[in-house]
Amino acid sequence: MKFNDHIEFIGADFLLENEAARRLYHDHAAVMPICDYHSHLDPLEIVNDVQFDNLTQLWLKGDHYKWRAMRCAGVAEQRITGNVSDRERFQAWAETVPDCLGNPLYHWTHLELREPLGINDVLLSAETAEEVWQTSQQRLATPQLSAQGILKRFNVRTICTTDDPTDSLADHQRHATSGAGPTMLPTFRADLVLKIEQPGFIDYLAKLEAASGLNIQRFDDLLAALYQRLEHFEGAGCCLSDHSLEKPVFVVPPAVHELDRILERIKGNPPIFSGVQK
């Protein structure tokens, strides 16, 4: 769907339903710097100030919310995470967007088209995908819409990424010394430490050993490795943690010797069942 010259789907006063709301937003909130405490932005893209080739690279490379919506809409997994072209993956998302009406993804998509891309006269769909693709590609080629350019455009002062304990944080350190762009700080996310049932758990322990320089045989060794990584993160400016507790279950806390036995059993007999790691 395309609008005429006098209609916008999302205008400057979107969701601002009274004068007080408009005054609070436009005169105060809109001009304040952003300190983003949680993001999944790639530190390497920020430190390298990447120029995105298209909307698929910007939107669909790692956005699991969009992936989930496409799966719910019946899109084949090959078009979501498989080996298809960026244009085909974008087409799959464009076909899904109309089905997201009533979901925040619908409005987020069009807010992102409006700012920073300046596309505010069209609703994304299978029919408008090519027009949006071409227009966005042209605008993403400008220096103002590089990775750091977009952050500057939104007045982002601090960005916190999401990082595994095994990460070296070399990109954060390189960015800090460059003096360019907003402050970029790591966030400690140790979800994989909790996924002892996953087939990749033993390989993950090996990565944690390599990163910490410690041999993990007992539960206390695991804690020592995590404390070592926490100190490393703190040295890079980290003051936040982020954990996805998918299945919180209350149990009587086991004794340390029981935890040692569990870890020893897993290391000696890795899980053979399949699973999907996030």
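Residues numbered from 1 in each chain as written. Predicted model: local features only at pLDDT ≥ 70, side-chain atom pairs only at ≥ 80, totals over all residues. Heavy atoms only, no water.

## A short note on the side chain of Arg79
Keep this limit in mind: Put simply, DSSP marks the helices as runs of H or I at least four residues long and the strands as runs of E at least two long, and each gets a number from the N terminus on. Here a polar contact means two N or O atoms within 3.5 Å. Within protein one must be a hydrogen donor candidate and the other an acceptor candidate, and residues neighboring in sequence count only if both atoms are side-chain atoms.
Positionally, Arg79 belongs in helix H5 (residues 77-81). Here Glu95 takes part through its side chain, which lies 3.1 Å from a polar atom of the side chain of Arg79.

## Topic: helix H4 (residues 64-72)
Just so we agree on the cut-off: Burial here depends on accessible area, computed with a 1.4 Å probe over protein chains only, as a share of the maximum for the residue type. Under 20% is buried, over 50% is exposed, and the range in between is partly exposed. It is the directions from the helix axis to the C-beta atoms whose arc is reported. The contact criterion used throughout is that any non-hydrogen atoms of two residues lie within 4.5 Å.
Every buried residue belonging to H4 is among Lys66, Trp67, Ala69 and Met70, and all of these are buried. Relative to the axis of H4, the buried residues are bounded by an arc of 165 degrees and lie together on one face. Of the surrounding secondary structure, the elements contacted by the buried residues of H4 are helix H3 (55-60), H5, helix H6 (86-96) and helix H7 (104-114). For H4, the N-terminal cap is Asp63; the gap from its side-chain oxygen to the backbone nitrogen of Tyr65 is 3.0 Å. Gly74 occupies a position one or two residues after H4 and carries a positive phi of about 90 degrees.

## So, the sheet that holds strand E3 (residues 183-185)
How we decide: Pairing between strands requires that DSSP locate at least two bridges from one strand to the other. Comment: axis = line fitted to C-alpha atoms, over the contacting stretch for helices; angle = value between 0 and 180 degrees taken between N-to-C directions.
The strand order across the open sheet formed by three strands is E1-E2-E3, and the pairing between neighbours is parallel. The open sheet has two edge strands with one neighbour each: strand E1 (34-36) and E3. Going across the sheet, the axis of each strand differs from the next one's by a mean of 10 degrees, ignoring polarity. Pairing of strand E2 (residues 156-160) with E3 involves three bridges; the strand directions are parallel. In the strand pairing of E3, Ile159 is matched with Met184.

## What about the nonpolar core?
The criterion, for reference: Here, the term nonpolar core denotes a set of buried Ala, Val, Leu, Ile, Met, Phe, Trp, Tyr and Cys residues that are joined through side-chain atoms within 4.5 Å.
Formed by 28 residues in total, the largest nonpolar core has its most connected members in Trp59, Met70, Phe90, Trp93, Leu113, Leu124 and Val132. For this core, the secondary-structure elements that each account for two or more residues are H3, H4, H6, H7 and helix H8 (129-140). Apart from the residues within four sequence positions on either side, Leu124 is in contact with Trp59, Phe90, Trp93, Ala94, Val97, Pro98, Thr109, His110, Leu113, Ala129 and Val132. Among the nonpolar cores identified, the runner-up in size contains 17 residues, and Ala190, Tyr204, Leu205 and Leu208 belong to it.

## A look at the confidence of the model for the chain
We apply this condition: Values of pLDDT, which run from 0 to 100, indicate the predictor's confidence residue by residue.
Averaged over all residues, the pLDDT of the chain equals 92, while 94% of them reach at least 70. Helix H14 (residues 256-268) is the least confidently modelled element of the chain, averaging 89 in pLDDT, while H6 averages 98, the highest of any element. Of the regions scoring below 50 in pLDDT, residues 273-278 engages in 11 contacts with residues more than four places distant in sequence or in other chains.

## Some points on a nonpolar patch on the surface
Cut-off, in case you're wondering: Residues form patches when they are more than 30% accessible in relative terms and have no salt bridge. Like charges link within 9 Å. Nonpolar side chains (Val, Leu, Ile, Met, Phe, Trp, Tyr) link within 5 Å. A 1.4 Å probe and the Shrake-Rupley method give the accessible areas. Residues count as covered only by the protein chains that appear here. Criterion for a salt bridge: a side-chain nitrogen of Lys or Arg within 4 Å of a carboxyl oxygen of Asp or Glu.
A cluster of nonpolar side chains, Leu223, Tyr227 and Leu230, forms an exposed patch at the surface whose accessible area comes to about 280 Å². Checked against the element boundaries, Leu230 lands in helix H13 (residues 219-235). Here Leu230 falls in the partly exposed class, since its relative accessible area comes to 36%.

## A word on the pattern of salt bridges
What the rule picks out here adds up to 14 salt bridges. Between Glu77 and Arg71 there is a salt bridge, and its shortest N-O distance comes to 2.8 Å. Residues joined in a network through salt bridges with shared partners are Asp42, Glu45 and Lys61.

## Considering the packing of aromatic side chains
Basically, it comes down to this: In this scheme Phe, Tyr and Trp rings, the latter by its six-membered ring, pair at centre separations within 6.5 Å, and the angle between planes marks the pair as stacked below 30 degrees, edge-to-face above 60, and tilted otherwise.
Tallying each qualifying case throughout the model produces three aromatic pairs. On the basis of an interplanar angle of 45 degrees and a centroid distance of 5.3 Å, the ring pair of Phe90 and Trp133 is categorised as tilted. Here Phe90, found in helix H6, pairs with Trp133, found in helix H8; they are 43 residues apart in sequence, far enough to count as distant. Here the aromatic cluster, defined as three or more aromatic residues joined through ring pairs, consists of Trp59, Phe90 and Trp133.

## Side note on the packing of H6 against H8
Keep this limit in mind: Any angle from 65 to 115 degrees is called roughly perpendicular, while one under 35 is roughly parallel, one over 145 is roughly antiparallel, and all others are oblique. For any helix crossing, the convention is left-handed if the near helix is rotated counterclockwise from the far helix by under a right angle, and right-handed if that rotation is clockwise. Gly counts as polar in this scheme, as do all residues outside two lists: the nonpolar Ala, Val, Leu, Ile, Met, Phe, Trp, Tyr, Cys and Pro, and the charged Asp, Glu, Lys and Arg.
Two numbers describe how H6 lies on H8: the axes approach to 10 Å, and their chain directions differ by 125 degrees. By the angle between their axes, H6 is oblique relative to H8. Handedness of the H6/H8 crossing: right-handed. Residue-level inspection shows Asp86, Arg87, Phe90, Gln91 and Ala94 of H6 in contact with H8, the latter providing Ala129, Glu130, Val132 and Trp133. Grouping the amino acids of the contact of H6 with H8 by side-chain chemistry returns five nonpolar, one polar and three charged.

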